[in-house]
Amino acid sequence: MERLPKLDARLLTIASMVREGARCADIGCDHGYLVAWLAAQKKISAGCACDINRKPLEKAAFTLSEYGVADRVKLILCAGLDGLSAGGADDIVIAGMGGDLIWEIIGKASWTRDPALRFVLQPMTKSERLRRSLAENGFDILREEAVVSGNFPYAVMQAAYTGRARTLTPAEAYCGTLLDDPSPAARRYLAKTARLIRERVEGLGRAASPGAEYEELRALLKELESRCTA
Ligand SMILES: C[S@@+](CC[C@H](N)C(=O)[O-])C[C@H]1O[C@@H](n2cnc3c(N)ncnc32)[C@H](O)[C@@H]1O
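Conventions adopted
- Residues numbered from 1 in each chain as written.
- Predicted model: local features only at pLDDT ≥ 70, side-chain atom pairs only at ≥ 80, totals over all residues.
- Heavy atoms only, no water.
- Pairing = 2+ DSSP bridges.
- Helix = DSSP H or I, 4+ residues; strand = E, 2+ residues; numbered from the N terminus.
- Axes fitted to C-alpha atoms, helices over the stretch in contact; angles between N-to-C directions.
- Contact = heavy atoms within 4.5 Å.
- Near = heavy atom within 4 Å.
- Polar contact = N/O pair within 3.5 Å; in protein donor to acceptor, adjacent residues only side chain to side chain.
- Buried < 20%, exposed > 50% of the residue type's maximum accessible area, 1.4 Å probe, protein only.
- Expected span 1.5 Å × (residues − 1).

## Points about the sheet that holds strand β6 (residues 139-149)
Point 1. Taken in spatial order, the seven strands make up an open sheet running β3-β2-β1-β4-β5-β7-β6, and their pairing is mixed. Each edge of the open sheet is held by one strand with a lone partner, namely β3 (73-77) and β6. The sheet shows a mean angle of 20° between the axes of neighbouring strands, direction not considered.
Point 2. Here strand β5 (residues 118-123) pairs with strand β7 (residues 152-161) via three bridges, running antiparallel. Considered in β7, the bridge of Val120 is made with Gln158.
Point 3. This element, helix α1 (residues 9-16), spans β4 (91-97), β5, β6 and β7 of the sheet and lies at about 155° to β6.
Point 4. This element, helix α3 (residues 54-66), spans β2 (44-51) and β3 of the sheet and lies at about 170° to β3.

Written as structure tokens, this is what we have:
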């Protein structure tokens, strides 16, 4: 058994959504722990560790050698998906970035509109904008899980292109499928989301005529707060 890097709960949840035997690209790999773990576990058949900055890629190179998987993972210095091309990977992880940047990276490469690909996404902020952009551009979230790591709740999603574009309700955009998930991690995620929505509602409420978004978010906030205290 090869030695494994220690992954925290967030990275383990991300790893659990990568398919067995996939060729996996980790975009914004930083230290490279995730892809090193996947390769050392032999969960993936090949890997790419990509980062826009040289320093993280150097850290990733060190990690890959340390865990004996440097021959199975290619290092690529590139922005977003610029270093990959159609057919170069099966599963693409984009984690630990803002939701807007994650969508910008996916949206920019036309070859991402391929139903065979899977995207494992973990936004740090603006999750609602990521869910909306995915839905409006024909991507479905196939699985979504909440995880608490370092005392913070995160949402991890597995998405694929289906070509069926749709507009999400505020509840779908802010909570995804976690709205009906009874797990303690999902409850924590909803409580955090409720706090964010409360700030937005308070901001919108200061306008002379708050408008439709204000009313929709107020209704969602009420629902979330009742679920979080139930
Ligand atoms: C906060 S770290 C997240 C690392 C890891 N993915 C995780 O979830 O723990 C963000 C990494 O993304 C890289 N990054 C930021 N923007 C990027 C882009 N447009 N393309 C590729 N990498 C990017 C940064 O250099 C950094 O190493």
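## Structural notes on the site of the ligand
Point 1. In the vicinity of the ligand, 17 residues are found, and the nearest of them are Arg10, Gly28, Asp51, Asn53 and Gly80.
Point 2. One nitrogen or oxygen atom from the side chain of Asp51 is found 2.6 Å from an oxygen atom belonging to the ligand.
Point 3. One nitrogen or oxygen atom from the main chain of Ile52 is found 3.3 Å from a nitrogen atom belonging to the ligand.
Point 4. For the shell around the ligand, the secondary-structure elements that each account for two or more residues are α1, β4 and α4 (99-108).
Point 5. With three residues, β4 is the single largest residue contributor to the shell around the ligand.

## Considerations on the pairing of β7
Point 1. Most of β7 is tucked away: eight of the ten residues are buried.
Point 2. In this sheet, β7 lies alongside β6 in antiparallel orientation, the contact comprising ten bridges. In the strand pairing of β7, Ser149 is matched with Phe152.
Point 3. In textbook terms, the turn of a hairpin is the stretch between consecutive antiparallel strands, and for β6 and β7 this stretch comprises two residues, one of which, Gly150, has a positive phi near 55°.

## Quick look at helix α7 (residues 184-205)
Point 1. Its 22 residues place the ends of α7 31 Å apart at the C-alpha level, agreeing with the 32 Å of an ideal helix rising 1.5 Å per residue.
Point 2. Looking at α7, one finds that the buried residues are Ala185, Ala186, Tyr189, Leu190, Thr193, Ala194, Ile197, Val201 and Leu204.
Point 3. Turning to α7, the residues buried within the fold contact α5 (127-136), β6, β7, α6 (170-175) and α8 (211-229).

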